[in-house]
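Tertiary structure, described
Chain residues, written in single-letter form:
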Amino acid sequence: MEENKIAVYLQERLAEAKRQFERTVDCKHTEFDDLYPYMTEQPQFFWYKRYVAWQELLTIVKIAEDLDVPWKDLFLEKQASFVEARVLDAKVLDNWYEEELEAESAQNDKK
């Protein structure tokens, strides 16, 4: 039963880390903005904020992997491959939602 609680906890933390990262991709407010309100006017702050959120996401994925807790089902296939590659670059930011957009487009074409 204890292992189940750990798995649930890690999946909740992972979902939250993913949400925070996606908010940085969308240039939306995050908890990090509240820590450094004087930095929000600096252009490099947005990249730094993304890297911090990305590192949090990678850290929780690593812990989940170490404890054999499944994590990939919370991500699209391409997103999981980005996480596995561990490198945050413009390609990740530009294509993070690509599959979601393609699926929405395909649904709209069927209507």
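Summary of the structure given here.

Calculation criteria
- Residues numbered from 1 in each chain as written.
- Predicted model: local features only at pLDDT ≥ 70, side-chain atom pairs only at ≥ 80, totals over all residues.
- Heavy atoms only, no water.
- Buried < 20%, exposed > 50% of the residue type's maximum accessible area, 1.4 Å probe, protein only.
- Helix = DSSP H or I, 4+ residues; strand = E, 2+ residues; numbered from the N terminus.
- Arc of directions from axis to C-beta.
- Core = buried A, V, L, I, M, F, W, Y, C linked by side-chain atoms within 4.5 Å.
- Contact = heavy atoms within 4.5 Å.
- Phe/Tyr/Trp six-rings, centres within 6.5 Å; stacked < 30°, edge-to-face > 60°.
- Lys NZ or Arg CZ within 6 Å of the ring centre and 35° of its normal.

Buried within helix α4 (residues 77–85) we find Q79, A80, F82 and V83. Buried residues of α4, seen end-on, are gathered within an arc of 155° and therefore sit on one face of the element. Turned more than 90 degrees away from the buried face of α4, the exposed residues are E77 and A85. Taken from the residues just after α4, R86 is the one with a positive phi, measuring 70°.

On to the nonpolar core. F21, W54, L57, W71, F75, V83 and W96 are the most contacted members of the largest nonpolar core, which has 24 residues in total. Filtering out sequence-adjacent residues up to four positions away, W96 remains in contact with K18, F21, E22, W54, L57, F75, Q79, F82 and V83.

Okay, the packing of aromatic side chains next. In this description, a pair of aromatic rings is defined by centroid distance and the angle of the planes. The tally for this structure, following the rule as stated, stands at twelve aromatic pairs. With 5.1 Å between their ring centres and 50° between their planes, F21 and W54 make a pair best called tilted. In this pair, F21 is assigned in helix α1 (residues 2–25) and W54 in helix α3 (residues 43–66), connecting sequence segments 33 residues apart. Residue classification places W54 among the buried positions, given a relative accessible area of 3%. In this structure, K18 packs its charged tip against the face of F75, placed 5.4 Å from the ring centre. In this structure, R50 packs its charged tip against the face of W47, placed 5.5 Å from the ring centre.

What follows covers the environment of E31. Tracing the backbone through its elements, the reader meets E31 in helix α2 (residues 31–35). Distance in space between the C-alpha atoms of E31 and Q20 is 8.2 Å, their sequence separation being eleven residues. If we ignore the near neighbours within four places in the chain, the residues touching E31 are E16 and Q20.

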